[in-house]
Structures are given as C-alpha cells and as structure tokens.
Amino acid sequence: MTLTNETDRIHTLSVYVANKPGVLARVAQVFARRGFNIDSLVVSPSVDGRYSRMTIAASGSAEGLEQIIKQVSKLVDVLHCTDHAFDEAVVKEMALIKVGVTIAERT
C-alpha cells in the first residue's frame, strides 16, 4: 500500500457497538462522508450477543481520523471507539495455500 504523504499512516480503530441491523452502514457512512477509505473491516459478536466489535483499518492523517472517532462515538448504537495506531500491536497476515500432491508425496 502506498500512502499519499508522510503524515498518513495506518490507523486501527476498535468500535464496540450494539448488535443491531444498520449499525455497520452508519459507521461506514461516517468514513465515506469524511472521504476516508476503509482498508480492512472485521465485525464479530462479543461474548454478550447484544454487542459486536468492529475492527477497522484506515489510512489517513491523524487529525482526520480523530474527527471520525469523535463522530462515530456520537452515534446512538456505538458504546466506544478507540484508535490503536500508537499502541503496541501485533499485526498478522494469513495465507491459505493449496498444494497438489499425491498421498505418497505428502510426507
């Protein structure tokens, strides 16, 4: 990924929301209104089925993302929103690779 200038960086937002229809669309709309592209999005229910956690990766300036965090936090179904860009974090990528071999060649 090529960033447009040196102040842009990848920000990872963690958003804890009510598990209701339409919440994802409203959160994504905040990013669209501010002109930010979502690079990665993962949504999964929490232990309490009434809530979900959204993990959103977006690149851009810290000032722009700060405004997005404030606007997302004001949404009715959002409990809290935090940026993990400056925290120590473990970032992993996974690949699924299929290799065609016979049973005799597997070992």
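Owing to the predicted nature of the structure, the values given are computational and were not obtained by experimental measurement. Sequence positions are assigned chain by chain, starting from 1 and proceeding in written order. Under the rules for a predicted model, residues below a pLDDT of 70 receive no local features and side-chain atom pairs below 80 are neither given nor counted, while totals for whole chains, interfaces and linings still include all residues. Hydrogens are left out, water is left out, and the side-chain values use all remaining heavy atoms of the structure.

Trainee: With reference to specific residues and values, describe helix H1 (residues 23-33).
Mentor: Taken as a whole, H1 has its buried residues at Val-23, Val-27, Val-30 and Phe-31. Projected down its long axis, H1 shows its buried positions confined to an angular sector of 95°, all on one face. Across from the buried face of H1, at angles greater than 90 degrees, the exposed residues are Ala-25, Ala-32 and Arg-33. For helices the rule is a DSSP run of H or I covering at least 4 residues; for strands it is a run of E covering at least 2, with both sets numbered from the N terminus onward. Downstream of H1 by one or two residues, Gly-35 has phi in the positive range, about 80°. Between buried and exposed lies partly exposed: a residue is buried under 20% and exposed over 50% of the maximum accessible area for its type, with that area taken using a 1.4 Å probe on protein chains only. This arc describes the spread of directions from the helix axis toward the C-beta atoms.

Trainee: Go over the packing of H1 against helix H2 (residues 62-73) with me, naming the residues and quoting the values.
Mentor: In contact at an axis separation of 10 Å, H1 and H2 are set at 150° when each is read in the N-to-C sense. In terms of orientation, H1 lies roughly antiparallel with respect to H2. H1 and H2 meet at a crossing whose hand is right-handed. Together, Val-27, Val-30 and Phe-31 of H1 and Leu-65, Ile-68, Gln-71 and Val-72 of H2 make up the contact between the two elements. By the convention adopted, Pro, Cys, Tyr, Trp, Phe, Met, Ile, Leu, Val and Ala count as nonpolar, Lys, Arg, Asp and Glu as charged, and the other residues, Gly among them, as polar. When the residues that make up the contact of H1 with H2 are grouped by side-chain class, the tally is six nonpolar, one polar and no charged. Only C-alpha atoms enter the line fits that serve as axes; for helices the fit covers just the stretch in contact. Angles between N-to-C directions range over 0 to 180 degrees. Any angle from 65 to 115 degrees is called roughly perpendicular, while one under 35 is roughly parallel, one over 145 is roughly antiparallel, and all others are oblique. Two helices that cross are described as forming a left-handed crossing if the nearer one is turned anticlockwise from the farther one by less than a right angle, and a right-handed crossing if clockwise. Residue contacts follow a heavy-atom distance rule, with two residues in contact if any of their heavy atoms lie within 4.5 Å.

Trainee: Requested: an account of the sheet that holds strand S3 (residues 51-60), with residues and values cited.
Mentor: An order of S2-S3-S1-S4 is seen for the four strands of this open sheet, with the pairing classed as antiparallel. Across the chains shown, the open sheet's two edge strands, defined by having one partner strand only, are strand S2 (38-45) and strand S4 (78-83). The sheet shows a mean angle of 15° between the axes of neighbouring strands, direction not considered. Along the sheet face, H1 touches strand S1 (9-18), S2, S3 and S4 and points at about 20° away from the line of S3. Sitting on the sheet, H2 touches S1, S3 and S4, and the angle it makes with S4 is about 165°. What makes two strands pair is DSSP finding at least two bridges between them.

Trainee: Could you give an account of the pattern of salt bridges, with specific residues and numbers?
Mentor: A pairing counts as a salt bridge when a side-chain nitrogen of Lys or Arg comes within 4 Å of a carboxyl oxygen of Asp or Glu. Using the criterion set out here, one finds four salt bridges in the structure. Note that Asp-77 is salt-bridged to Arg-26, the shortest N-O span being 2.7 Å. A residue pair is termed long-range when its members are at least 10 positions apart, and Asp-77 in the loop between H2 and S4 and Arg-26 in helix H1 qualify at 51 residues. Classification of Asp-77 as buried rests on a relative accessible area of 13%. When its relative accessible area of 38% is taken as the criterion, Arg-26 is described as partly exposed. In the salt-bridge network here, residues are joined through shared partners; they are Lys-20, Arg-26 and Asp-77.

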